[in-house]
Amino acid sequence: MANQPTLYELSGNGIHVTYSTSSITGKPLFNYHDAFQVRNFSGDEIQTVDTIIGKLVSVFLIRTVDSGSTSFTLVVPSVTLPPSDVATIVTEGITALHKFSIIGPPQGQTELYTFHRLHGTARFVVF
């Protein structure tokens, strides 16, 4: 029995996300699915940052060298699991459009954010 989750399965607004802090290879995994794409990430493709509001787990959904990119960030809240090793959670996912141009920096705000309410489970799984 563990105290901290190792697997998060969340959905909302047509987005489905699975994040595991480790895997059989020892690397974290992040799976993203929406109406337009299914993306799978592992290891160094996943950026994590501990903050005061929880862990921010980010991946690039689209990355270009000449016109900008799109990222998705999952806000992973702190969770202490009950004896069943599974808890229901509600959190946010953030899609960010990062503007860029090879003919010069864009004017004004260069990141645009869309917030998505996500709900699902956090659980302990042995990998």
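Residues numbered from 1 in each chain as written. Predicted model: local features only at pLDDT ≥ 70, side-chain atom pairs only at ≥ 80, totals over all residues. Heavy atoms only, no water.

Engineer: Describe the nonpolar core, and please don't skip the residues or the numbers.
Structural biologist: Counting residues in each nonpolar core, the largest one holds 21 residues, and the members touching the most others are Tyr19, Phe30, Tyr32, Phe72 and Leu74. Only β1 (7-12), β2 (15-20), β3 (29-33), β6 (54-63), β7 (68-76), β8 (86-99) and β9 (111-123) provide two or more residues apiece to this core. If near-sequence neighbours (up to four positions away) are discounted, Tyr19 is found in contact with Thr6, Leu7, Tyr8, Pro28, Leu29, Phe30, Ile46, Thr48, Lys55, Val57, Leu74 and Val76. (Core = buried A, V, L, I, M, F, W, Y, C linked by side-chain atoms within 4.5 Å. Buried < 20%, exposed > 50% of the residue type's maximum accessible area, 1.4 Å probe, protein only. Helix = DSSP H or I, 4+ residues; strand = E, 2+ residues; numbered from the N terminus. Contact = heavy atoms within 4.5 Å.)

Engineer: An account of the pattern of salt bridges is requested, with residue identities and associated values reported.
Structural biologist: Two side chains carrying opposite charge are able to pair once their charged atoms lie near each other. Here the structure, examined in full by the defined rule, presents 3 salt bridges. Residue Arg123 pairs with Glu9 through a salt bridge whose shortest N-O separation is 3.7 Å. Taken as a pair, Arg123 in strand β9 and Glu9 in strand β1 lie far apart in primary sequence, 114 residues in all. Between Lys55 and Asp50 there is a salt bridge, with the nearest N and O atoms lying 3.9 Å from each other. When its relative accessible area of 65% is taken as the criterion, Asp50 is described as exposed. (Salt bridge = Lys/Arg side-chain N within 4 Å of Asp/Glu carboxyl O.)

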